[in-house]
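Chain by chain, the residues:
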Amino acid sequence: MTLDPVGTLDIDPLIDDPDTRIVVCCGSGGVGKTTTAAALGLRAAERGRKVVVLTIDPARRLAQSMGIDSLDNTPRRVKDIAATGEAAGGELHAMMLDMKRTFDEIVEAHADRERAQAILSNPFYQSLSAGFAGTQEYMAMEKLGQLRSRDEWDLIVVDTPPSRSALDFLDAPKRLGSFLDGKLIRVLMAPAKVGGRAGMKFLNVGMSMMTGALGKLLGGQLLRDVQTFVAAMDTMFGGFRTRADATYKLLQAPGTAFLVVAAPERDALREAAYFVERLAAERMPLAGLVLNRVHGSGADRLSAERALAAAENLDERGIVDQTDGKKDVRTTTATTTATTAATTATDPASASAPASAPDPTSDSASDPASDSASATGSPAAAEQPSDPTAEQLTAEQLTAGLLRLHAERMQVVAREQRTRDRFTALHPEVAVTEVAALPGDVHDLAGLRDIGERLAAGDTPAGAA
């Protein structure tokens, strides 16, 4: 990864580097982690790498954008990858974590058939594997470890779980180890270790108060289900802990890169700052920050203050900020500027192609309605209002409204910049790339390519600097 003097994150060298084997996208909910992960995977594949994208997001957006009917626990190859020349060997696969199926696979792989069947049919196991707190995060770690051990892909891109804290993903192995080493597990395992009635007698003598409380809390049947589950899983606990520790070390290895994804909003960047600090504390390799959905304007030379002042002048006196004379020129120029601003406010992609001002000396500039009527051969020109004041008032009201819309956009741009500046002041060591806001949602490969290009370019949208 390259960090230039102004702190811009270079995406292409990161994903092109053969030593980069895992990219983890983390951040708070709703900031675009899934889309970012998919766009990175697509760009890496079209640059010649064999990539699998693992999403833990239960939404179906990733499958839809990649042209796949559905995603499951098995990697599915994405078609229509535009890789040519030296990159022609690139491939993209995608999958969505099925936490219960992953847990079942672990049981089936590490227990004999009879014990596996006993575990899979246990009511407590079925509840645990389907939605127990922390299970999703741990199973994401398990699946990542499985993918990496197969050594089938050049690059694994991980979209972290949509939990309250995305770094629960990092805590899962430690929590599992604490659970397996905890007093509760030792109590529940005691009957199985001692055996039969003697075991229950031992448990009743040594832990009668605790099991009595558990029985009241959980119910007798549930407590028996838990004890049966723990007894069946006893020989597998060590393997869980070993694999969890190995995956945790894998995340700390040089071949892994974390990308913190955030929106240019106060709460999202506060969470991003927490992630950055936490990754540093855990000695996880941070590549940088992806600042998503950044707003800009193609008419950024017109400040919010000037736009509002011009709108007020139009409302009050029908003028903008020019001297007397050439009234038609003033109205047309204000309308053109405001239209350009409003267009870029509602469609950032059009910022590079602002509207051009019509010639105020032409007939069409002074009388657009008659021009339209003559073009269609319609007698509508004769039906136009004879009062020019009414026509002028309508144009001025429209212009004032567009100017206010532009002022709102410029205020958003300024607020986002202040928020980013606070983050970079706290963490000047973090490289940043910005992705301009799109006018709509990403729903196909073309949209993902666009996001990938914006990620790689890292340009600040017009008006956001």
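Since we're looking at a predicted model, the values are computed, not measured.

1. Describing the overall build of the protein
- The secondary structure content of the protein amounts to 19 helices and eight strands.
- Within the protein, contacts between residues at least 6 apart in sequence are counted, and of these 77% link residues at least 24 apart.
- Counting only carbon and sulfur atoms, one obtains 52% of the accessible surface of the protein, whose full area is about 23,100 Å².

2. Quick word on the confidence of the model for the protein
- Of all residues in the protein, 65% attain a pLDDT of 70 or more, and the chain-wide mean is 74.
- Low pLDDT (under 50) marks residues 202–218, which in the prediction has 19 contacts with non-local residues, meaning those over four places away or in another chain.

3. With respect to the packing of aromatic side chains
- In total, this model carries two aromatic pairs according to the counting rule given.
- Both rings, one in F103 and one in Y125, keep their centres 5.1 Å apart while their planes meet at 75 degrees; by these two values the pair is edge-to-face. Taken together, the positions of F103 in helix α4 (residues 99–110) and Y125 in helix α6 (residues 123–131) put the pair 22 residues apart, joining distant regions of the chain.
- Arranged with centres 5.8 Å apart and planes meeting at 55 degrees, the rings of Y274 and F275 form a pair that is tilted.

4. Side note on the packing of α4 against helix α7 (residues 135–150)
- For the pair α4 and α7, the least separation of the axes is 9 Å and the interaxial angle reads 60 degrees. The angle between the axes of α4 and α7 places the two elements in the oblique class. Every pair of crossing elements has a handedness; the one defined by α4 and α7 is left-handed. Listed contacts from α7 to M99, T102, F103, E105 and I106 of α4 are T135, Q136, M139, E142, K143 and Q146.
- Of the residues assigned to the contact of α4 with α7, the class counts are four nonpolar, four polar and three charged.

5. Concerning the sheet that holds strand β1 (residues 22–26)
- Strand order in the open sheet made by the eight strands is β3-β4-β2-β5-β1-β6-β7-β8, with mixed pairing throughout. Among the strands making up the open sheet, the edge pair consists of β3 (76–77) and β8 (432–436).
- Note: β1 against strand β6 (residues 256–262), five bridges, orientation parallel. Within β6, the position partnered with I22 by the bridge is T256.
- Seen against the sheet, helix α2 (residues 33–46) touches β1, β2 (50–55), β4 (91–96), β5 (155–159), β6 and β7 (286–294) and runs at an angle of roughly 170 degrees to β2.
- Lying on the sheet, α7 is in contact with β1, β2, β4 and β5; it crosses β2 at an angle near 170 degrees.

6. Observations concerning helix α19 (residues 445–457)
- Compared with the 18 Å implied by 1.5 Å per residue over 13 residues, the 18 Å span of α19 between its first and last C-alpha is a close match.
- Here α19 has its buried residues at L445, G447, L448, I451, G452, L455 and A456.

7. What to know about α4
- With twelve residues, α4 ought to run about 16 Å at 1.5 Å a step, and its terminal C-alpha atoms sit 17 Å apart, in line with that.
- For α4, the set of buried residues is M99, T102, F103, D104, I106 and V107.
- In this structure D98 caps α4, since a side-chain oxygen of it lies 3.3 Å from the backbone nitrogen of K100.

So, how was this worked out
Residues numbered from 1 in each chain as written. Predicted model: local features only at pLDDT ≥ 70, side-chain atom pairs only at ≥ 80, totals over all residues. Heavy atoms only, no water. Helix = DSSP H or I, 4+ residues; strand = E, 2+ residues; numbered from the N terminus. Contact = heavy atoms within 4.5 Å. Areas by Shrake-Rupley, 256 points an atom, 1.4 Å probe, with all protein chains shown as cover. pLDDT = per-residue confidence, 0-100. Phe/Tyr/Trp six-rings, centres within 6.5 Å; stacked < 30°, edge-to-face > 60°. Axes fitted to C-alpha atoms, helices over the stretch in contact; angles between N-to-C directions. Parallel < 35°, antiparallel > 145°, perpendicular 65-115°, else oblique. Left-handed = near helix turned anticlockwise from the far one by under 90°. Nonpolar A, V, L, I, M, F, W, Y, C, P; charged D, E, K, R; others polar. Pairing = 2+ DSSP bridges. Expected span 1.5 Å × (residues − 1). Buried < 20%, exposed > 50% of the residue type's maximum accessible area, 1.4 Å probe, protein only. Polar contact = N/O pair within 3.5 Å; in protein donor to acceptor, adjacent residues only side chain to side chain.

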